[in-house]
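Results of the structural survey
Each chain is listed here by its residues.
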Amino acid sequence: MPELPEVEHVVRALQTAVLNQRITAAELRLKRTAPGISKSRFNKRLSGARIRTIGRRGKHILINLDTNETLVVHLRMTGKFVYLNNEQPLLPYSHAVFYLENDRRLVYCDMRQFGRMNIIASHRLLKSKELRALAPEPLSEEFSTDYLRRTFAGSRREVKQILLDQTKVLGLGNIYAAEALFMAGVSPFAVAQSLSRRRLVRLHKAIRQVLDEAIESGSTLRIDLGDGHSSYFGTAERFWRVYEREDEACLKCGARIRRVVQAGRSTYYCPRCQR
DNA sequence: ACCCTCACCTGCACGC
DNA sequence: TGCGTGCAGGTGAGGG
């Protein structure tokens, strides 16, 4: 499920749950989940490590350990963490289990098996293949209107495409790209380098607003920990302004919302107010 | 360097 | 009921 805001929720939930816990043992059950490392080496490098800090870069979760290594997790489409007590059975698709010193388990589940983990020396994180090419954090100063202008300059790609490119604009996925374009009144098919200054400024603002709002609304998310019931992290109920509203009336102008396939993925937009 | 297409998986909703 | 199709919030390899 995750785009940047959902990953941010997962990070916060993990911080609440497992910060400063020691991993007494790790059990990688599906090799594909951590393709760069053998199961036994994965387990060995994590067992005994204490979780010092938990952060995020784009959609990557960074679990920093006192071994000076970082467990980097990308949830892709269906990855989830579940926090279980010692009586609760594993759910299906549990591909990695982290046994903690508090007798609970942090379990990584992933139905479609797309999610990936890697263990990287913390001081080499920024140079790692996972993180080195990523665009600046969209909620940081560095992601300015001027950055967006420079990034779009010379690109003949359609703006929806460039919004999904994590090396150009970080954190958006198919939903929030559609929402940001709708909010800014920009057509998903507009050519990036041809956007007017005004549209660029509106789009920049919309990207921030869409991400901010999604993170904010998640702060009302209830996450139960320690009441004996399993907790799923990051499954917020959402209400989109344009995404998945094909054939409905546009909330701004009443025109019929369209869905087209763009680069193999659904794009929802209002043909009247997004030009 | 850029940009496009497809592959990677499983499940679910839909139509016949 | 059963089967085929298309679709799902993400990349990354490989090719032009």
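For the structure itself, consult the block above.
Attention in this report is confined to the structure presented alongside it.

1. Considerations on the overall build of chain A
- The helix and strand inventory of chain A stands at 6 helices and 11 strands.
- By the compact-globule yardstick of 19 Å for 275 residues, chain A fits well, its C-alpha radius of gyration being 20 Å.
- Projected onto the principal axes, the alpha-carbon positions of chain A cover approximately 55 × 35 × 30 Å.
- Counting over 275 residues, chain A shows a buried share of 52%.
- Contacts in chain A between residues at least 24 apart in sequence constitute 64% of all its contacts with a sequence separation of at least 6.
- When the accessible area of chain A is evaluated, it comes to approximately 13200 Å², of which 47% is carbon and sulfur surface.
- Side-chain charges in chain A split into 47 positive and 28 negative, and the spacing between the mean points of these groups amounts to 7 Å.

2. Re the pairing of strand β4 (residues 69–74)
- Of all 6 residues in β4, 6 are buried; the element is thus mostly enclosed.
- Side-chain alternation along β4 places Glu-69, Leu-71 and Val-73 on one buried face and Thr-70, Val-72 and His-74 on a second face that is also buried.
- With 5 bridges connecting them, strand β3 (residues 60–65) and β4 associate as antiparallel partners. What sits directly across from Asn-64, in β4, is Thr-70.
- Counting the residues between successive antiparallel strands, the hairpin from β3 to β4 contains 3 residues, one of them, Asn-68, with a positive phi of roughly 65°.

3. Structural notes on the side chain of Ser-128
- Secondary-structure assignment places Ser-128 in the loop between β8 (116–121) and α3 (145–152).
- A polar contact is formed between the side chain of Ser-128 and the backbone oxygen of Leu-125, at a distance of 2.6 Å.

4. Quick word on the packing of α3 against helix α6 (residues 197–217)
- One can describe the packing of α3 onto α6 by two numbers: an axis separation of 9 Å at closest approach and a directional angle of 120°. Judged on the interaxial angle alone, α6 and α3 are oblique. The handedness of the crossing between α3 and α6 is right-handed. Contacts between α3 and α6 pair Thr-145, Leu-148, Arg-149 and Phe-152 from the former with Arg-197, Leu-200, Val-201, Leu-203, His-204 and Ile-207 from the latter.
- Tallied by class, residues from the contact of α3 with α6 come to 6 nonpolar, 2 polar and 2 charged.

Procedures and definitions
- Residues numbered from 1 in each chain as written.
- Chains lettered and ligands numbered in written order.
- Predicted model: local features only at pLDDT ≥ 70, side-chain atom pairs only at ≥ 80, totals over all residues.
- Heavy atoms only, no water.
- Helix = DSSP H or I, 4+ residues; strand = E, 2+ residues; numbered from the N terminus.
- Rg over C-alpha atoms; globule rule 2.2 N^0.38 Å.
- Buried < 20%, exposed > 50% of the residue type's maximum accessible area, 1.4 Å probe, protein only.
- Contact = heavy atoms within 4.5 Å.
- Areas by Shrake-Rupley, 256 points an atom, 1.4 Å probe, with all protein chains shown as cover.
- Lys, Arg positive; Asp, Glu negative; His and termini not counted.
- Charge placed at Lys NZ, Arg CZ, Asp CG, Glu CD.
- Pairing = 2+ DSSP bridges.
- Polar contact = N/O pair within 3.5 Å; in protein donor to acceptor, adjacent residues only side chain to side chain.
- Axes fitted to C-alpha atoms, helices over the stretch in contact; angles between N-to-C directions.
- Parallel < 35°, antiparallel > 145°, perpendicular 65-115°, else oblique.
- Left-handed = near helix turned anticlockwise from the far one by under 90°.
- Nonpolar A, V, L, I, M, F, W, Y, C, P; charged D, E, K, R; others polar.

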